[in-house]
Amino acid sequence: DAKLYRKAAGREARLSYMGHVIMENRNGLAVAGKVSQADGTAERRASEAMLKRKARRGRRITVGEDKAYDTKDHVAALRRLNVTPHVTQNDALTKTGRRRTSAIDKRTTRHVGYRISQSCRAMVECIFGWGKQHGTMRKTKHRGIAAIGGGFMVNPIAFNLVPLPKMTALCVVHFDSVAAAAEATPTILECKPAAVELIDAIMINLTRSIPAYARQL
């Protein structure tokens, strides 16, 4: 039941399944996952199915997603589930020269929480990266979506169980410009940090405008 799927334009089509993971932003842990057949709508359907189980009655949650999820049907489905869609706007030009119309407008993008979700959502790639390097995501040894789904779910579970270092430290360095920060990056990487993140003054000032976060800065 695998299907031919092309990962990007210009790439070859391969027999594939699609693995999906939901990550919570606070600690970067996987909280849900599943495997589906590979097609153009599988990501959105899987997102709706997993978030339906995670959404709480009476309490709205947010979800950060990339521009592949920017469709009217998907955004409307999330809102019916009491989920605020912090989806990247897909308003790029089409091959015919027309500009796409995003289902996300300024009512959503004007909030600082939208920018925070967009910044944090990239951390989900750590789960897939770990699964390919240390787990079994790179090449399955099973056949059939049920067996492959079971094998896939071992990876996010194991990722959550990876022990944290006994000692951790956070180093904050101020630079006068982005160019100066870029020049210092090779030197910083010699210390083998777990992660390096660049936060500009605009993001810091916007975060300070939220009382809940201002106390932490």
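Note that the structure is a prediction, hence the values are computed from the model and not measured.

Rules and cut-offs
- Note on numbering: residues in each chain are counted from 1, in written sequence order.
- Given that this is a predicted model, residues contribute local features only at a pLDDT of at least 70 and side-chain atom pairs are listed and counted only at 80 or more, while totals for whole chains, interfaces and linings are drawn from all residues.
- Side-chain numbers come from the whole structure's heavy atoms, not from hydrogens or water.
- In this description, a nonpolar core means a group of buried Ala, Val, Leu, Ile, Met, Phe, Trp, Tyr and Cys residues linked to one another through side-chain atoms lying within 4.5 Å.
- Buried residues are those whose accessible area, probed at 1.4 Å on protein chains only, stays under 20% of the maximum for their type, while exposed residues exceed 50% and partly exposed ones sit between those limits.
- What counts as a helix is a DSSP run of H or I of at least four residues, what counts as a strand is a run of E of at least two, and both are numbered from the N terminus.
- For patches, a residue must show more than 30% relative accessible area and have no salt bridge; joins then use 9 Å for like charges and 5 Å for nonpolar side chains, namely Val, Leu, Ile, Met, Phe, Trp and Tyr.
- For the accessible areas, the method is Shrake-Rupley and the probe is 1.4 Å, while residue cover comes only from the protein chains on display.
- Salt bridge, as used here, is a side-chain nitrogen of Lys or Arg placed within 4 Å of a carboxyl oxygen of Asp or Glu.
- Here the positive residues are Lys and Arg and the negative ones are Asp and Glu; neither His nor the chain ends is included.
- Positions of charges follow a simple convention, taking NZ of Lys, CZ of Arg, CG of Asp or CD of Glu.
- Only strands that DSSP links by at least two bridges are regarded as paired with each other.
- Every axis corresponds to a line fitted to the C-alpha atoms, with the helix fit spanning only the stretch in contact, and the corresponding angles, defined between N-to-C directions, vary from 0 to 180 degrees.

Asker: Would you mind going over the nonpolar core with me for this structure?
Answerer: Inside soluble globular proteins, nonpolar side chains tend to come together where they are buried. If you look at the biggest cluster of nonpolar residues, it comprises 11 residues: Val-21, Met-23, Ala-30, Val-35, Val-124, Ile-127, Phe-128, Met-137, Ile-148, Phe-152 and Phe-159. Counting only elements with at least two residues in this core, the list comes to β2 (13-23), β3 (30-37), α5 (124-133) and α6 (145-161). Judged by nonpolar contacts, the second largest core, of eight residues, contains Ile-22, Ala-32, Leu-51 and Leu-78.

Asker: Help me out: how do you make sense of a positive patch on the surface in this one?
Answerer: On the surface, Lys-7, Arg-11, Lys-132 and Arg-138 cluster together into a positively charged patch. Locating Arg-11 in the fold gives a position in the loop between β1 (3-6) and β2. Its relative accessible area of 44% is what places Arg-11 among the partly exposed residues.

Asker: I'm lost on the sheet that holds β2 in this one. Help?
Answerer: The strands making up a sheet associate through hydrogen bonds between their backbones, and the pairing can be parallel or antiparallel. Across the sheet, which stays open at both edges, the three strands sit in the order β1-β2-β3 with antiparallel pairing between neighbours. Of all the strands in the sheet, the pair left with one neighbour each is β1 and β3. Taken pair by pair, the neighbouring strands of this sheet meet at an average axis angle of 50°, ignoring direction. Of the strand pairs in this sheet, β2 and β3 are connected by seven bridges, and their pairing is antiparallel. Looking at the pairing, Met-18 lines up with Ser-36 of β3.

Asker: Would you explain unusual backbone geometry in this entry?
Answerer: Most peptide bonds adopt trans geometry, and most residues besides glycine take a negative phi value. Positive phi, normally seen in glycine, also occurs at Asn-82, with a value near 70°. Turning to its location among the elements, Asn-82 is positioned in the loop between α2 (72-80) and β5 (83-87). According to the relative accessible area criterion, Asn-82 is partly exposed, its value standing at 21%.

Honestly, it's all geometry; don't read function into it.
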